[in-house]
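A structural walkthrough
Next come the chains, spelled out residue by residue.
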Amino acid sequence: MNILFYLYRYPGWGGIETVTSTITSELIEQGHEVFILSETWQDNKHSFIDGLKIIHLPYELEDIDRNIAFIDEFVKKNDFDFLVYQDCYVPNEKIPIEISKRNKIPLIVFEHNTPTRFKNIRYIDNPYSAKGIIKTLFYPFFRQRYIRWDIARKKELYNNCTKYVLLSKSYVQEIKQLLNINTLSNKFEYLYNPCPYNPNTIATHKEVGSMKINEIVSVGRLEKNKCVDKLLKVWKQVNSHCPEYRLTIVGDGAEKENLINLSKRLGLQNVSFEGFQNPIPYYRRAKIFLMASKFEGWPMTIIEAMAYGCVPIVENNFSALNDMIEDGVSGKILSKNTKVRNWSKCIISTIRNHDDLRKMSENDKTVIERFCVDSIVHSWINLFNAIKKCQ
């Protein structure tokens, strides 16, 4: 098969770029021709995937007509079986829709987040500053505008695609409600994102309770909706009971300085801010992974941590979480808006119950086998074949 992926940015360090690299690499390995068409890029190792052909648009995003003309000429030189629109953030959907129509290529839309993302976002800022007061007053109005725009955009994609793919079965129901689709639509599918690491090649045994390495890790962008400030408040209570443990925060973002200052104000001990780093060494040695985000789509950091036997403790703020973690078996799921003291109790209890922690760490490797690349790409191939059969 000859497959064209359309992204805003590639190569890049984001989750969409990483997942695209994992999928396309395996498709190429299985003998398929894969092209990636992107508007911009970052210098990144993923550009060196053998056999992957990358084309960048020569014009700015706003220059839609010239970009479409460029792509149209490029597409006519290649006999593509599928066009995969691998984005959900950047408003560039008019280009893949038009290219699909002109060249009669099946368009597969992949939503790489919860479909109710804009409904889940709440304004977060200091309401006592002049700027904060103004934003708080006007935010409800702009939020409703964003929601209406997002719904209109999704409807346009839905009306013009062959398949609309989401990350979880629960998200299929959510998008139907969002778009007010009551019929039994056969356009919606769901495919999990793959784990980029093979759990069968990773040694996950950790000396639970050992004084050598007692580390808890949080990995992700340092933004307000990630609620790392909450984790710092939780850590103040945890570390007073478990001083032999340390909290490592891996990631960077707009909130980094504020979080460092909060850590100082709280007088926290055994906390380090590592900035943007390769998370693998941290997953290898950490025993527990924490996430308190207000919303997520399919956070790869959970799957990555589990591949290395790093037990996740996550607040249940997105419905796909139950596809990823079995509570008490492969990690701990806390209820939405869990208070700091209950977060702390859960972490302390998990640390002190060595047998359960060890079992969950060992179970992680088995649980994520269903997210292995081979399995996920097999589902992609089945999707492609089903579309071809209906043509």
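Higher on the page you've got the structure.
Let us look at the structure shown here.

The next subject is the environment of tyrosine 164. One can find tyrosine 164 in strand E6 (residues 163–166). The buried category is assigned to tyrosine 164, whose relative accessible area is 0%. In this structure the C-alpha to C-alpha distance between tyrosine 164 and tyrosine 190, which are 26 residues apart in sequence, comes to 8.3 Å. If near-sequence neighbours (up to four positions away) are discounted, tyrosine 164 is found in contact with Val109, Glu111, Lys154, Leu157, Tyr158, Ile175, Lys187, Phe188 and Glu189. A polar contact is formed between the side chain of tyrosine 164 and the side chain of glutamate 111, at a distance of 2.8 Å.

Grouped together as the largest cluster of nonpolar side chains are 92 residues, with contacts concentrated most on Phe5 and Ile302. Here this core takes eight residues from helix H14 (residues 373–390), the largest share from any one element. Not counting the four nearest positions on each side in its chain, phenylalanine 5 is found in contact with Thr20, Ile23, Thr24, Leu27, Val34, Phe35, Ile36, Leu37, Val84, Gln86 and Trp380. One finds Trp235, Leu247, Cys346 and Leu357 within the second-largest nonpolar core, a separate group that totals 30 residues.

Once that is clear, we can look at the packing of helix H7 (residues 228–241) against helix H8 (residues 256–265). In helix packing, the relevant descriptors are the interaxial angle and the interaxial distance, both defined with respect to the helix axes. Running from N to C, H7 and H8 cross one another at 20 degrees; their axes reach a closest spacing of 10 Å. It follows that H7 is roughly parallel to H8 by the angle criterion. In the packing of H7 onto H8, the handedness of the crossing is right-handed. Packed against H7, whose contacting residues are Val228, Asp229 and Leu232, the element H8 presents Leu259, Leu262 and Ser263 at the interface.

Bringing the sheet that holds strand E11 (residues 288–291) into the picture now. Strands sit in the order E10-E9-E8-E11-E12-E13 across an open sheet of six strands; the sheet is parallel. Because the sheet does not close on itself, it has two edges, and the strands there are strand E10 (271–275) and strand E13 (332–334). Sheet twist, expressed as the average angle between the axes of neighbouring strands with direction ignored, equals 20 degrees. Bridge count between strand E12 (residues 311–315) and E13: three bridges; the pairing is parallel. Bridging from a neighbouring strand, glutamate 315 pairs with leucine 334 of E13. Along the sheet, helix H13 (residues 354–367) contacts E11, E12 and E13; its crossing angle with E12, the most-contacted strand, is approximately 95 degrees.

This part is about the sheet that holds strand E4 (residues 82–85). If you trace the seven strands from one edge of the open sheet to the other, you get E3-E2-E1-E4-E5-E6-E7, paired in parallel fashion. In this open sheet, the two edge strands, each paired with only one partner strand, are strand E3 (53–56) and strand E7 (188–190). Pairs of neighbouring strands in the sheet enclose a mean axial angle of 25 degrees, with direction left out of account. Pairing of strand E1 (residues 2–9) with E4 involves four bridges; the strand directions are parallel. Residue pairing across strands places leucine 4 opposite leucine 83, the latter belonging to E4.

The alternating pattern of strand E5 (residues 107–110) places Leu107 and Val109 and Ile108 and Phe110 on opposite faces, both of which are buried. Of the pairings in the sheet, the one linking E4 to E5 comprises three bridges and is parallel in character. Bridging from a neighbouring strand, tyrosine 85 pairs with valine 109 of E5. Relative to E6, E5 runs parallel, the two being bridged by three bridges. Bridged to valine 109 within E6 is tyrosine 164.

In this section: helix H3 (residues 94–103). What sets the pattern is the α-helix's 3.6 residues per turn: residues three or four places apart point alike. All buried positions along H3 are accounted for by Ile95, Pro96, Ile97, Ile99 and Ser100. Just past H3, the residue lysine 104 takes up positive phi, approximately 55 degrees.

Our next topic: the packing of H7 against helix H12 (residues 340–352). At a closest axis distance of 9 Å, the pairing of H7 and H12 adopts a crossing angle of 45 degrees. In terms of orientation, H7 lies oblique with respect to H12. For the pair H7 and H12, the crossing hand works out as right-handed. Contacts from Lys230, Leu231, Lys233, Val234, Gln237, Val238 and His241 of H7 reach H12 at Val340, Arg341, Trp343, Ser344, Ile347, Ile348, Ile351 and Arg352.

Cut-offs used in this document
- Residues numbered from 1 in each chain as written.
- Predicted model: local features only at pLDDT ≥ 70, side-chain atom pairs only at ≥ 80, totals over all residues.
- Heavy atoms only, no water.
- Helix = DSSP H or I, 4+ residues; strand = E, 2+ residues; numbered from the N terminus.
- Buried < 20%, exposed > 50% of the residue type's maximum accessible area, 1.4 Å probe, protein only.
- Contact = heavy atoms within 4.5 Å.
- Polar contact = N/O pair within 3.5 Å; in protein donor to acceptor, adjacent residues only side chain to side chain.
- Core = buried A, V, L, I, M, F, W, Y, C linked by side-chain atoms within 4.5 Å.
- Axes fitted to C-alpha atoms, helices over the stretch in contact; angles between N-to-C directions.
- Parallel < 35°, antiparallel > 145°, perpendicular 65-115°, else oblique.
- Left-handed = near helix turned anticlockwise from the far one by under 90°.
- Pairing = 2+ DSSP bridges.

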